[in-house]
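Tertiary structure, described
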Amino acid sequence: MNVKQLEKESTAVATEMNNFLANLNVMYVKLHNLHWNVTGIGFFEIHVKLEELYTDITLDLDEVAERILTIGHKPLASLQSYLAVASITEISSQDIKALAAIEIALADYTILLEQAKAVLALAEAANDLGTQDLISGLISKYEKTLWMLQAYTN
Ligand SMILES: [Fe+2]
């Protein structure tokens, strides 16, 4: 499929990708919040793990934004626009125990995974193989992250 065809057929994909991009940006900030505010038993390992997660999310959000451009649309690019459409909610800056921090990350990665699956379904309907490839990779990565977060809480 050439770029012009992609642009025409990918409006629904781009809209859901932008919603996903918004959540990734909120998640980037929220993981920093948890990284900074985690306390108690498990501090050292969870502080480090959360840094690993937000570092990874920043790579993902860049790939998603650039894929939106590749299929002929504009990525949302302001905090205001992200907050307007994000379904992941922010939290205040306050002490949080390691287990509670991981439970929050678990809930939010579940939202990211479900949203990635919604993007994938739209990309399949639009026969957009490049987006399917990108999003499939993110789905398997978030599934693995969820497995690890779940293992910590068991
Ligand atoms: Fe840090």
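Our subject in this report is the structure included herewith.

Cut-offs and rules
- Residues numbered from 1 in each chain as written.
- Predicted model: local features only at pLDDT ≥ 70, side-chain atom pairs only at ≥ 80, totals over all residues.
- Axes fitted to C-alpha atoms, helices over the stretch in contact; angles between N-to-C directions.
- Helix = DSSP H or I, 4+ residues; strand = E, 2+ residues; numbered from the N terminus.
- Parallel < 35°, antiparallel > 145°, perpendicular 65-115°, else oblique.
- Left-handed = near helix turned anticlockwise from the far one by under 90°.
- Nonpolar A, V, L, I, M, F, W, Y, C, P; charged D, E, K, R; others polar.
- Contact = placed C-beta atoms within 7 Å.

Moving on to the packing of helix 5 (residues 98-125) against helix 6 (residues 129-153). Helix-helix packing is characterised by the crossing angle of the two axes and by the distance between the axes. Look at helix 5 against helix 6: their axes get within 9 Å of each other, and the N-to-C directions meet at 155 degrees. Compared by their axis directions, helix 5 and helix 6 come out roughly antiparallel. For the crossing formed where helix 5 meets helix 6, the hand is left-handed. The residue inventory of the contact of helix 5 with helix 6, partitioned by class, reads 18 nonpolar, 7 polar and 4 charged.

Once that is clear, we can look at the environment of M17. By secondary structure assignment, the location of M17 is in helix 2 (residues 11-37). Sequence separation between M17 and E66 is 49 residues, and the spatial gap between their C-alpha atoms is 11 Å. Ignoring sequence-local partners within four residues, the contact set of M17 consists of V64, R67, I68 and V119.

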